[in-house]
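# A structural walkthrough
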Amino acid sequence: MSSKDNQEKRRRRGRLLALLPLAVFGLLGAAFYWGLWNNDDRLPSTLIGKPIPEFALPPIEGRQDGLASANLQGQVSLVNVWASWCVPCRTENPLLVDLAEAGTVPIYGINYKDDAEEALGFLDELGDPFTRIGADRSGRVAIDWGVYGVPETYIIDAEGRIAYKHVGPFDQASLEEDILPVVRRLQAESDP
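Labelled according to an unreviewed UniProt entry, the protein chain appears under the name DsbE family thiol:disulfide interchange protein, originating from Jiella pacifica. The record in UniProt for the protein chain states the following under Sequence similarities (unreviewed entry): "Belongs to the thioredoxin family. DsbE subfamily."

## Digging into helix H3 (residues 116-126)
All of the buried residues along H3 are Ala-116, Ala-119, Phe-122 and Leu-123. Buried residues of H3, viewed axially, fall in a sector of 125°; they line one side. In H3, the exposed positions angled more than 90 degrees off the buried face are occupied by Glu-117, Asp-124 and Glu-125. Tucked inside the fold, the buried residues of H3 contact strand S3 (77-82), helix H2 (87-102), strand S4 (107-112) and strand S5 (132-136).

## A closer look at a negative patch on the surface
Together, Glu-61, Asp-115, Glu-117 and Glu-118 line one region of the surface with negative charge. Note on placement: Glu-118 falls in helix H3.

## Observations concerning the pattern of salt bridges
One pass over the structure, following the stated rule, counts 7 salt bridges. Here Arg-161 and Glu-159 are joined by a salt bridge, their closest N and O atoms 3.7 Å apart. In this structure, Glu-189 and Arg-185 form a salt bridge, with 3.3 Å as the shortest nitrogen-oxygen distance. Of this pair, Glu-189 and Arg-185 both sit in helix H5 (residues 172-190), separated by 4 residues, roughly a single helical turn. Judged by relative accessible area, which is 55%, Glu-189 ranks as exposed. Through salt bridges with shared partners, a single ionic network connects Asp-157, Glu-159 and Arg-161.

## Notes on the packing of aromatic side chains
Here the structure, examined in full by the defined rule, presents 5 aromatic pairs. Taken together, a centroid distance of 6.3 Å and an interplanar angle of 55° make the contact between Trp-85 and Tyr-112 tilted. Residue Trp-85 is located in the loop between S3 and H2, and its partner Tyr-112 is located in strand S4; the two are separated by 27 residues in the primary sequence. The exposure class assigned to Trp-85 is partly exposed, which follows from its relative accessible area of 47%. Arranged with centres 4.9 Å apart and planes meeting at 75°, the rings of Trp-145 and Tyr-154 form a pair that is edge-to-face. For the pair formed by Trp-145 and Tyr-154, the shared burial category is buried.

## Some remarks on the sheet that holds strand S7 (residues 162-167)
On the basis of which strands lie adjacent, the open sheet formed by 5 strands has the order S5-S4-S3-S6-S7 and mixed pairing. What marks the edges here is a single partner per strand, and that holds for S5 and S7. Within the sheet, the average angular offset between the axes of one strand and its neighbour, ignoring direction, is 20°. Direction of pairing for strand S6 (residues 152-156) relative to S7: antiparallel, over a ladder of 5 bridges. Looking at the pairing, Glu-152 lines up with Val-167 of S7. Set on the sheet, H2 makes contact with S3, S4 and S6; between it and S3 the angle comes to about 155°.

Criteria and cut-off values
Residues numbered from 1 in each chain as written. Predicted model: local features only at pLDDT ≥ 70, side-chain atom pairs only at ≥ 80, totals over all residues. Heavy atoms only, no water. UniProt positions renumbered as here; feature names shortened; annotations may be inferred. Buried < 20%, exposed > 50% of the residue type's maximum accessible area, 1.4 Å probe, protein only. Helix = DSSP H or I, 4+ residues; strand = E, 2+ residues; numbered from the N terminus. Arc of directions from axis to C-beta. Contact = heavy atoms within 4.5 Å. Patch = residues over 30% accessible without salt bridge, like charges linked within 9 Å, V, L, I, M, F, W, Y side chains within 5 Å. Areas by Shrake-Rupley, 256 points an atom, 1.4 Å probe, with all protein chains shown as cover. Salt bridge = Lys/Arg side-chain N within 4 Å of Asp/Glu carboxyl O. Lys, Arg positive; Asp, Glu negative; His and termini not counted. Charge placed at Lys NZ, Arg CZ, Asp CG, Glu CD. Phe/Tyr/Trp six-rings, centres within 6.5 Å; stacked < 30°, edge-to-face > 60°. Pairing = 2+ DSSP bridges. Axes fitted to C-alpha atoms, helices over the stretch in contact; angles between N-to-C directions.

Here is the structure:
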């Protein structure tokens, strides 16, 4: 092989190596662009379709009824994990109050790592949509449910299985387009 051929091979290899950082940068840019504009923000839950975890939570101090897995059997229900210190919980609470007043579905609460006085103050100020609330002071029940952060809302079917999970606060649109259609479908399936 001549020295001219060797020089040509080195030049080609040098050009390829010079283009490698550009190619990597282009791929990273494409991935970043996709992540920025990808609107699918659902977080999968391994518990969908499975029975709710067994639990029994005491009531918030100052309330009568706690919450246990047995309370979530026999009817379609909605479980909301919330806390008084959670700003997004304040945003969605009025929608929960309206839903409770409409009587569409029973709403149960899991109060997550909260001070009892603060939780009761939150409910006094913003309204209390909950049929029952369990105080999850340690956060253990929330871990068992697979909670990423508050608020989270679960739809439970009449057999006590998790049918749907909404991560983060919901607004009127997601309530009407995502949550209520699942509730209505499950209610229709459970009616004899």
